[in-house]
Amino acid sequence: LPADALGRARVRAIAQDIACEIHPLNNLRVLRYLTGPLKLSDDDKERWYRHWVETGLEAVERQLAARPTHFCHGETPTLADCVLVPQLFNAQRFDCRLDHVPHVMRVFEACMKLDAFAQTQASACPSRTWVCTTRPRPQASRPTTSTATALLRRRRCHTEGACFGSVMPRRR
């Protein structure tokens, strides 16, 4: 977090918008509820998902556009960047429109140039086999990032069996 109080408040606001407004919709139990009890088709579920993710990213875009910097806030990654990156992988997995959020994409690209982010993608973890449990695709692994790993820079791979978005390690 930044040293100044206003900077900390801004980073927390951006991170909370992502963590509380976008991320909960990625949860498997929410997505399964849509196709289970509500009996939505997969196409309807994905349209619903895209609507809310795109709307949430538009709110983040407005915040980033108000004070453009290299990352979400300043010239070094913060908690907000660590929360943003996994949501963009989820948005890409569900084919969300991202051309309307250029500041968000600029920050994402800046983050992905850093080893702390790039090395935590599922595709960068050769010791694990990854399976998308909500939307099967021909390729077995879809990129994702552990926010905790990127933030703390502790682990290179998701070896603890954690679930980030809807991408989970297949048990061997």
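From a predicted model like this one, the values you see are computed outputs, not experimental measurements.

Reading the values: the criteria
Residues numbered from 1 in each chain as written. Predicted model: local features only at pLDDT ≥ 70, side-chain atom pairs only at ≥ 80, totals over all residues. Heavy atoms only, no water. Helix = DSSP H or I, 4+ residues; strand = E, 2+ residues; numbered from the N terminus. Expected span 1.5 Å × (residues − 1). Buried < 20%, exposed > 50% of the residue type's maximum accessible area, 1.4 Å probe, protein only. Contact = heavy atoms within 4.5 Å. Disulfide = S-S within 2.5 Å. Core = buried A, V, L, I, M, F, W, Y, C linked by side-chain atoms within 4.5 Å. pLDDT = per-residue confidence, 0-100. Phe/Tyr/Trp six-rings, centres within 6.5 Å; stacked < 30°, edge-to-face > 60°. Salt bridge = Lys/Arg side-chain N within 4 Å of Asp/Glu carboxyl O.

A few words now on helix 3 (residues 42-66). The first and last C-alpha atoms of helix 3 sit 36 Å apart over 25 residues, in line with the 36 Å expected at 1.5 Å per residue. Listed as buried for helix 3 are Lys 45, Glu 46, Tyr 49, Val 53, Glu 54, Gly 56, Leu 57, Val 60, Glu 61 and Leu 64. The secondary structure elements touched by the buried residues of helix 3 are helix 1 (5-22), helix 2 (28-35), helix 4 (79-93) and helix 5 (102-112).

Moving on: the state of the cysteines. What we call a disulfide is simply a covalent bond connecting the sulfur atoms of a pair of cysteines. Enumeration according to the criterion identifies zero disulfides in this entry. Note on Cys 111: no disulfide assigned, nearest cysteine sulfur contributed by Cys 72 at a separation of 6.4 Å. For Cys 111, a relative accessible area of 0% puts it in the buried group.

Before going further, it helps to examine the nonpolar core. Leu 57, Leu 84, Leu 88 and Val 104 are the most contacted members of the largest nonpolar core, which totals 34 residues. Contributions of two or more residues to this core are made by helix 1, helix 2, helix 3, helix 4 and helix 5. Broken down by element, the residue count for this core peaks at eight residues, all from helix 4. Sequence-distant contacts of Val 104, that is, excluding residues within four places in its chain, are made with Leu 57, Val 60, Glu 61, Leu 64, Leu 84 and Leu 88.

On average, the protein scores 79 in pLDDT, and the residues at 70 or more come to 71%. Mean pLDDT per element in the protein: strand 2 (residues 167-169) is the minimum at 38, and helix 5 is the maximum at 97. pLDDT under 50 marks residues 129-172. Its contacts with residues more than four places away, or in other chains, come to 111 contacts.

With that settled, the discussion passes to the side chain of Gln 87. Residue placement: Gln 87 occurs in helix 4. Residue contacts for Gln 87: discarding those within four places in its chain leaves Ile 18, Ile 22, His 23 and Asn 26.

Now for the packing of aromatic side chains. If you walk through the whole model with that rule in mind, you get two aromatic pairs. Taken together, a centroid distance of 4.2 Å and an interplanar angle of 40° make the contact between Tyr 49 and Phe 94 tilted. Of this pair, Tyr 49 sits in helix 3 while Phe 94 sits in the loop between helix 4 and helix 5, and the two are 45 residues apart along the sequence. On the basis of relative accessible area, Tyr 49 is assigned to the buried category, the value being 0%. Between the aromatic rings of Phe 89 and Phe 108, the centroid separation amounts to 5.3 Å while the plane-to-plane angle is 75°, which identifies the pairing as edge-to-face. Placement of the pair is Phe 89 in helix 4 and Phe 108 in helix 5, with a sequence separation of 19 residues. Classification of Phe 89 as buried rests on a relative accessible area of 6%. Note on Phe 108: relative accessible area 8%, which makes it buried.

Now for unusual backbone geometry. Phi is positive for Lys 39, which is not a glycine, with a value near 60°. For Lys 39, the position within the fold is in the loop between helix 2 and helix 3. Of note in the backbone geometry, Asp 95 takes a positive phi value of approximately 55° without being a glycine.

What follows deals with the environment of Leu 79. When you line up the elements, Leu 79 lands in helix 4. With a relative accessible area of 30%, Leu 79 lands in the partly exposed category. Spatially, the C-alpha atoms of Leu 79 and Arg 8 are 9.6 Å apart, while their sequence positions differ by 71 residues.

As a working rule, side chains carrying opposite charge can pair if their charged atoms are close by. All chains considered together, the criterion is met by four salt bridges. Residues Glu 58 and Arg 97 are paired through a salt bridge, measuring 3.9 Å at the closest nitrogen-oxygen approach. Here Glu 58 is found in helix 3, whereas its partner Arg 97 is found in the loop between helix 4 and helix 5, with 39 residues between them in sequence.

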